[in-house]
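Architecture at a glance
Each chain, letter by letter, is given below.
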Amino acid sequence: MASSRDVVFPAARQALYERNRYSPAVRADGFLFVSGQVGSREDGSPEPDLEAQVRRAFDNLNAVLAAAGCTFDDVVDVTAFLVDPQNTLDTVWKVLPDYWGEAPYPTLTGVGVTWLSGFQFEIKVIARLPVA
């Protein structure tokens, strides 16, 4: 049995995803699978300041979630990628409460990486879709 899925595009970002040849999010079987979101400006360039970059990554994530009719409260699983986590984790952790919401919190996997194409932080999530 084939599952149904469709692509979700946030407003004003479709050209960026088409240029890079991937879907920002896919709805499938009651869940929303969101591609990794980075702190990119509208033109795709990195936000230079780490805290501002993390905030922009969350804002970009929230735009994808909103385009699917979700909020961060619907997120059940998070994977966060950090370049140089020993030196960046404290800044990232300081920003999380502004976006994370209240308990119960989603699951979290943090991964230290050496390269994120000019970015220092990326967040990838799975959310449950609201029941219609």
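See the structure shown above.
In this text, all values refer to a predicted model and were calculated from it rather than measured experimentally.

Parameters at a glance
- Residues numbered from 1 in each chain as written.
- Predicted model: local features only at pLDDT ≥ 70, side-chain atom pairs only at ≥ 80, totals over all residues.
- Heavy atoms only, no water.
- Helix = DSSP H or I, 4+ residues; strand = E, 2+ residues; numbered from the N terminus.
- Axes fitted to C-alpha atoms, helices over the stretch in contact; angles between N-to-C directions.
- Parallel < 35°, antiparallel > 145°, perpendicular 65-115°, else oblique.
- Left-handed = near helix turned anticlockwise from the far one by under 90°.
- Contact = heavy atoms within 4.5 Å.
- Nonpolar A, V, L, I, M, F, W, Y, C, P; charged D, E, K, R; others polar.
- Buried < 20%, exposed > 50% of the residue type's maximum accessible area, 1.4 Å probe, protein only.
- Arc of directions from axis to C-beta.

What follows covers unusual backbone geometry. At the junction of alanine 103 and proline 104, the peptide bond is cis and its omega measures out at 5° in the coordinates. For aspartate 29, which is not glycine, the phi torsion reads 50° and is therefore positive. The topology assignment puts aspartate 29 in the loop between strand 2 (25-28) and strand 3 (31-38). The backbone of aspartate 84 shows a phi angle near 55°, a positive value even though the residue is not glycine. Residue position: aspartate 84 is located in the loop between strand 4 (75-83) and helix 3 (85-95).

Across the interface, helix 2 (residues 50-67) lies against helix 3 with an axial gap of 9 Å and an inter-helix angle of 45°. As judged from the angle between their axes, helix 2 and helix 3 are oblique. Here helix 2 runs over helix 3; the crossing is right-handed. Contacts between helix 2 and helix 3 involve Leu50, Glu51, Val54 and Arg55 on the former and, on the latter, Thr88, Thr91, Val92, Lys94 and Val95. Classifying every residue of the contact of helix 2 with helix 3 by side-chain character gives four nonpolar, two polar and three charged.

Attention now moves to helix 3. When helix 3 is considered as a whole, its buried residues turn out to be Thr88, Val92 and Val95. What you see down the axis of helix 3 is that its buried residues fit within an arc of 45°, all on one side. Exposed residues lying more than 90 degrees from the buried face of helix 3 are Gln86, Asp90 and Lys94. Among the structural elements, helix 2, strand 4, helix 4 (97-100) and strand 6 (121-128) are those in contact with the buried residues of helix 3.

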